[in-house]
Amino acid sequence: METKSIATSLGGGGDRFFIFSTSPSSLFVSTSRISRLPPLLKRACIHGGAAVSGSGVNGLTLTRRNPIVSTRRLVPVRAIDSDSDLPHENQQGSPGFGKLKEYQEWDSWTAKFSGGANIPFLMLQLPQIILNSQNLLAGNNTALSAVPWLGMLVGLLGNLSLLSYFAKKREKEAAIVQTLGVVSTHIVLAQLTMAEAMPMQYFVATSVVITMGLILNCLYYFGKLSKPLWLLWEDFITIGGLSVLPQIMWSTFVPLVPNSILPGTIAFAIALAAIIMARTGKLSEEGVSFVGSLSGWTATLMFMWMPVSQMWTNFLNPDNIKGLSSITMLLSMMGNGLMLPRALFIRDLMWLTGSLWATLFYGYGNILCLYMVNCTSKSFFAVATIGLISWIGLALWRDAVAYGHNSPFRSLKELVFGP
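Residues numbered from 1 in each chain as written. Predicted model: local features only at pLDDT ≥ 70, side-chain atom pairs only at ≥ 80, totals over all residues. Heavy atoms only, no water.

What follows deals with the overall build of the chain. Along the chain, the regular secondary structure elements total 14 helices and 4 strands. Classification of the 419 residues of the chain by burial places 41% in the buried group. Total accessible area computed for the chain in this model is approximately 21800 Å², and 65% of it derives from carbon and sulfur atoms. (Helix = DSSP H or I, 4+ residues; strand = E, 2+ residues; numbered from the N terminus. Buried < 20%, exposed > 50% of the residue type's maximum accessible area, 1.4 Å probe, protein only. Areas by Shrake-Rupley, 256 points an atom, 1.4 Å probe, with all protein chains shown as cover.)

Moving on, we come to the nonpolar core. Formed by 44 residues in total, the largest nonpolar core has its most connected members in Leu189, Leu192, Phe345 and Trp351. Those elements that place two or more of their residues in this core are helix H2 (95–116), helix H4 (149–168), helix H5 (172–194), helix H6 (200–221), helix H7 (227–252), helix H11 (340–345), helix H12 (349–372) and helix H13 (378–403). At 7 residues, H5 tops the list of elements feeding residues into this core. Dropping the residues within four chain positions of it, Trp351 is found in contact with Ser114, Phe166, Glu171, Ala174, Met339, Arg342, Ala343 and Ile346. Judged by nonpolar contacts, the second largest core, of 10 residues, contains Ile321, Met329, Tyr364 and Leu370. (Core = buried A, V, L, I, M, F, W, Y, C linked by side-chain atoms within 4.5 Å. Contact = heavy atoms within 4.5 Å.)

So, about the packing of H5 against H6. Between H5 and H6, the least distance of the axes is 11 Å, while the angle of their chain directions is 160°. It follows that H5 is roughly antiparallel to H6 by the angle criterion. Where H5 crosses over H6, the two elements pack in a sense that is left-handed. Between H5 and H6, the residues in contact are Lys172, Thr179, Val182, His186, Leu189, Ala190 and Thr193 and Met200, Phe203, Thr206, Ser207, Ile210, Leu214 and Tyr221, respectively. In the contact of H5 with H6, the residues fall into 8 nonpolar, 5 polar and 1 charged. (Axes fitted to C-alpha atoms, helices over the stretch in contact; angles between N-to-C directions. Parallel < 35°, antiparallel > 145°, perpendicular 65-115°, else oblique. Left-handed = near helix turned anticlockwise from the far one by under 90°. Nonpolar A, V, L, I, M, F, W, Y, C, P; charged D, E, K, R; others polar.)

The next point concerns the packing of aromatic side chains. Inspection of the entire model under this criterion finds 14 aromatic pairs. Here the aromatic residues Trp106, Trp109, Phe113 and Trp391 are joined through ring pairs into a cluster of three or more. We note Arg170 situated over the ring of Tyr221; from NZ or CZ to the ring centre the distance is 5.6 Å. Positioned above the aromatic ring of Tyr403 is the side chain of Arg347, whose terminal nitrogen or guanidinium carbon lies 4.1 Å from the ring centre. (Phe/Tyr/Trp six-rings, centres within 6.5 Å; stacked < 30°, edge-to-face > 60°. Lys NZ or Arg CZ within 6 Å of the ring centre and 35° of its normal.)

To continue, consider unusual backbone geometry. Residues apart from glycine generally show negative phi values, whereas peptide bonds are mostly found in trans. Even without being a glycine, Arg170 presents a positive backbone phi close to 60°. Note on placement: Arg170 falls in the loop between H4 and H5. Looking at Arg170, the relative accessible area reads 24%, which means it is partly exposed.

A separate point is the pattern of salt bridges. Pairing is possible between side chains that carry opposite charge, provided their charged atoms lie close to one another. Under the definition given, this model contains 8 salt bridges. Here Arg342 makes a salt bridge to Asp107, at a shortest N to O gap of 2.6 Å. Of this pair, Arg342 sits in helix H11 while Asp107 sits in helix H2; the two residues are 235 residues apart in sequence, bridging distant segments of the chain. Note on accessibility: Arg342 and Asp107 belong to one class, buried. We note a salt bridge from Asp235 to Arg279, for which the minimum N-O separation is 2.8 Å. In this pair, Asp235 sits in helix H7 while Arg279 sits in helix H8 (residues 262–279), placing the two residues 44 residues apart along the sequence. Residues joined by salt bridges that share partners form a network here, namely Arg347, Asp399, Arg410 and Glu414. (Salt bridge = Lys/Arg side-chain N within 4 Å of Asp/Glu carboxyl O.)

Between its terminal C-alpha atoms H13 stretches 38 Å, which fits the 38 Å expected from 26 residues at 1.5 Å a residue. Three or more residues of H13 are buried, namely Phe380, Phe381, Ala384, Thr385, Leu388, Ala395, Arg398, Asp399, Ala400, Ala402 and Tyr403. (Expected span 1.5 Å × (residues − 1).)

Moving on to the confidence of the model for the chain. Any segment with low pLDDT has predicted coordinates that should not be analysed in fine detail. The pLDDT averaged across the chain works out to 77; a share of 75% of its residues lies at or above 70. Ranking the elements of the chain by mean pLDDT puts strand E2 (residues 17–21) last, at 42, and H13 first, at 95. Predicted confidence for residues 1–33 stays below pLDDT 50, and this span has 90 contacts to residues more than four positions away or in other chains. Note that pLDDT drops below 50 for residues 46–98; the model gives that stretch 112 contacts with residues more than four away or on any other chain. (pLDDT = per-residue confidence, 0-100.)

Glancing now at the environment of Phe203. One can find Phe203 in helix H6. Along the backbone, Phe203 and Leu153 are 50 residues apart, and their C-alpha atoms lie at a distance of 9.4 Å. Setting aside chain neighbours within four positions, we find Phe203 in contact with His186, Leu189, Ala190, Thr193 and Met198.

Bringing the side chain of Glu414 into the picture now. Position of Glu414 among the secondary structure elements: in helix H14 (residues 408–417). For Glu414, a relative accessible area of 9% translates into the label buried.

All right, on to the packing of H4 against H5 then. Running from amino to carboxyl end, H4 crosses H5 at an angle of 155°, the nearest separation of the two axes being 8 Å. It follows from the interaxial angle that H4 and H5 lie roughly antiparallel. Where H4 crosses over H5, the handedness of that crossing is left-handed. Listed contacts from H5 to Trp149, Met152, Leu153, Leu156, Asn159, Leu160, Leu162, Leu163, Phe166 and Ala167 of H4 are Ala174, Ala175, Gln178, Thr179, Gly181, Val182, Thr185, His186, Val188, Leu189 and Leu192. Classifying every residue of the contact of H4 with H5 by side-chain character gives 15 nonpolar, 6 polar and no charged.

What follows is the structure, given as structure tokens:
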């Protein structure tokens, strides 16, 4: 199909233009990302007092029908005048073009790394699925009782909550990772139910929620779901997450603390009250925004609590650590580590916090514990340590280059405090 362009004048002079391709295969400027662009690319969106915004560019209305604005990834806007500080199409060797190109390339690579996390995460769950199948075929149902179905159920709820979070942000690769986690965990729960290690009624209820969640997330991602229905789903996972998280944290320290459902009950009441107040206009705009972010943060905190629970178990029963697999911990470290560059690149503090915590304290932390009790070799520990430090250093360096910063710490500052 023939490629066309739209030109719009910026500023008082008629010699400066933005050229926007209207080819179906092209991507366009995303207004939600202008604030975090490198300085050179930001000047492509804000120039001579005119800014690209939801209201338009010097009178050019930006609507759903106008192809200038898209929710997908940003590509550089090309200037055609000789005086502009933006790169020309034939200036690929210039510093300006290099910065724009590096930004695009790192955007693409971080998305690929995030999608690549599917491989180690799948390898984490696949051996358990195969082993469960072998035990079921052999009639050894008792062996499946060793798999904690309640812990698997909590992990599945976390995956489902994060799936909704990433679907809302249109982070396709991360959403696929969470979808894979939901599906693979549900397969394990189905196996446990077949072995009568999980009550049938709980499995049926879980299956209904999973099916509903996957359908709603898919419809929302492709713009086929109404906003009220999506808000209802978000409220459901917010209440579920806030109810489960305190109960998990409390249960970790049983029998040092009494076995009680009081923490979960209190959290449920608070979550329900917060949702009702938010939906009936009893909260400020900031309060409504805070309630809306709770589902993502509670899911992240669920996964962050997993290494705390594991380390507490190691502390109480040091001999149990010998039952951990160093390869499993390495795969966990790799899966979470692959998502670090993307979380940093899009300045998502919640995502980076959860991924970094799981990388350091669940994956690498357990590798360190295994090394301290002589359950893994010195060379294995050294490779894991050097690889982790190098990967984090590479992510910080490339992010700084993509944004045109002189220091990688500038990226961390923007992540926490904004641009």
